Amino acid sequence: MKVADKLLHIEEQIQEACARSNRKREEVTLIAVTKYVTIERAKEALEAGIEDLGENRDEGLLAKYEVLQDRPNWHYIGSLQTRKVKNVIDKIAYIHSLDRISLAAEIQKRANEPIKCLVQVNVSGEESKHGLKPSEVLPFIQELAEYDRIIVAGLMTMAPLTDDEQALRTCFRGLKELQMQIQEAKLAHAPCTELSMGMSNDFVIAIEEGATMIRIGTALVGEES
Ligand SMILES: *Cc1c(COP(=O)(O)O)cnc(C)c1O
């Protein structure tokens, strides 16, 4: 199916979720996750009107960047190895996976200008998941004040793989609560306005719980390569 056709369906669901939760459509940025698909397919997403693309590996990002350049806003959504930072830092608009000080230090060293970062949080507590424990997030963000190349634009999480709606809501609410805690701290380097949560299976619930960025791969561009 064409991306444009899938987009129609996704867009309808986004708008309905926004309406149900009294939110404006403009509050939610749709990121097409192109990690499974070809450059051609990513280009098709741009032609369908999508402006934000997400990749989770430096190889994938660099290959697509070579062709698409700065046309999309690039989001780095995967766990980022410290030694890969220099390859991607000047190409991306957002890093969604800041989860350790060693990574912050490398970003500080390599970035020519401040870059928007989201702190990845393991809200659900699953062992397989990356990210900080909720209790670690505020101290971590306070520590980031020393790094003037890092803007804490928001928080990111991955929900558990489940159809249990209540479990998903609990996870997304947990991230929203943390965001409010950080905003209350009024840290100049941490406006923390973004909540990156929601993927193909759970983006509707994520929007209802306050997502400002949703990351959709399978349901939008598919998983063929
Ligand atoms: C792959 C991936 C997505 C997209 O997943 P889908 O279920 O295919 O929509 C979103 N976020 C992250 C961090 C990912 O790695």
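Residues numbered from 1 in each chain as written. Predicted model: local features only at pLDDT ≥ 70, side-chain atom pairs only at ≥ 80, totals over all residues. Heavy atoms only, no water.

**Quick word on the overall build of the chain**
And then number 1: Helices and strands together make up the secondary structure of the chain, namely eight helices and eight strands.
And then number 2: What you see for the chain is a C-alpha radius of gyration of 17 Å, in line with the 17 Å of a compact globule of 225 residues.
And then number 3: Principal-axis analysis of the C-alpha atoms gives the chain an extent of 45 × 40 × 30 Å.
And then number 4: Scored against the burial criterion, the 225 residues of the chain give a buried share of 50%.
And then number 5: For the chain, contacts bridging at least 24 residues in sequence account for 56% of all contacts bridging at least 6.
And then number 6: Carbon and sulfur atoms form 46% of the exposed surface of the chain, whose accessible area is close to 10,800 Å². (Helix = DSSP H or I, 4+ residues; strand = E, 2+ residues; numbered from the N terminus. Rg over C-alpha atoms; globule rule 2.2 N^0.38 Å. Buried < 20%, exposed > 50% of the residue type's maximum accessible area, 1.4 Å probe, protein only. Contact = heavy atoms within 4.5 Å. Areas by Shrake-Rupley, 256 points an atom, 1.4 Å probe, with all protein chains shown as cover.)

**Section: the packing of helix H2 (residues 39–47) against helix H3 (residues 58–68)**
And then number 1: At a closest axis distance of 10 Å, the pairing of H2 and H3 adopts a crossing angle of 55°. Classed by the angle they form, the pair H2 and H3 counts as oblique. For H2 against H3, the interelement crossing comes out right-handed. Contacts between H2 and H3 involve Ile39, Ala42, Lys43 and Leu46 from the former and Ala63, Lys64, Val67 and Leu68 from the latter. (Axes fitted to C-alpha atoms, helices over the stretch in contact; angles between N-to-C directions. Parallel < 35°, antiparallel > 145°, perpendicular 65-115°, else oblique. Left-handed = near helix turned anticlockwise from the far one by under 90°.)

**Looking at the site of the ligand**
And then number 1: As a structural note, the neighbourhood of the ligand is formed by Val33, Lys35, Tyr36, Ile77, Met156, Met158, Met199, Ser200, Arg215, Ile216, Gly217 and Thr218.
And then number 2: In this structure, Ser200 approaches the ligand through a side-chain N or O atom, which is 2.5 Å from an oxygen atom.
And then number 3: Measuring from a nitrogen atom of the ligand, one finds a side-chain N or O atom of Arg215 at 2.8 Å.
And then number 4: For the ligand, the protein covers 92% of the area, taking 390 Å² as the surface of the free molecule.
And then number 5: For the shell around the ligand, a count of residues per class yields seven nonpolar, three polar and two charged. (Near = heavy atom within 4 Å. Polar contact = N/O pair within 3.5 Å; in protein donor to acceptor, adjacent residues only side chain to side chain. Nonpolar A, V, L, I, M, F, W, Y, C, P; charged D, E, K, R; others polar.)

**Observations regarding helix H7 (residues 165–184)**
And then number 1: Given a rise of 1.5 Å per residue, 20 residues ought to cover 28 Å, and the 29 Å separating the end C-alpha atoms of H7 matches this to within 8%.
And then number 2: Residues of H7 that are buried make contact with helix H6 (134–143), strand E6 (150–156), strand E7 (194–196) and helix H8 (203–208).
And then number 3: Looking at the residues trailing H7, positive phi occurs at Lys186, about 45°. (Expected span 1.5 Å × (residues − 1).)

**Points about the UniProt feature "domain: Alanine racemase N-terminal" (unreviewed entry) in the chain**
And then number 1: UniProt's entry tags residues 11–223 with the feature "domain: Alanine racemase N-terminal" (unreviewed entry), counted in the numbering of this structure.
And then number 2: Span residues 11–223 is 38% helix and 18% strand, its end C-alpha atoms 19 Å apart. (UniProt positions renumbered as here; feature names shortened; annotations may be inferred.)

**Regarding the nonpolar core**
One broad trend across soluble globular proteins is that nonpolar side chains are buried collectively.
And then number 1: Leu98, Ile107, Leu155 and Leu220 are the most contacted members of the largest nonpolar core, which has 66 residues in total.
And then number 2: When neighbours within four sequence positions are excluded, Ile107 is seen to be in contact with Val85, Ile89, Ile95, Leu98, Ile115, Cys117, Arg149 and Ile150.
And then number 3: Residues Ile31, Tyr94, Leu118 and Met213 belong to the second largest nonpolar core, which totals six residues. (Core = buried A, V, L, I, M, F, W, Y, C linked by side-chain atoms within 4.5 Å.)

**Considerations on unusual backbone geometry**
And then number 1: Here Gln69, not a glycine, exhibits a phi torsion of approximately 50°, which is positive.
And then number 2: For Gln69, a relative accessible area of 38% translates into the label partly exposed.
And then number 3: With a phi close to 50°, Cys192 is a non-glycine residue in the positive phi region.
And then number 4: Position of Cys192 among the secondary structure elements: in the loop between H7 and E7.

**Brief notes about the pairing of strand E1 (residues 29–33)**
And then number 1: Burial analysis of E1 places four of its five residues in the buried class, the great majority of the element.
And then number 2: Bridge count for E1 against strand E8 (residues 213–216) is four bridges, and the pairing is parallel. Looking at the pairing, Ile31 lines up with Arg215 of E8.
And then number 3: The sheet contact formed by E1 and strand E2 (residues 52–55) spans three bridges and is parallel. Its bridge partner lying in E2, Val33 is registered against Gly54.
And then number 4: The handedness of the E1 to E2 crossover, carried by H2, is right-handed. (Pairing = 2+ DSSP bridges. Right-handed = clockwise from strand over helix to strand, strands pointing away.)

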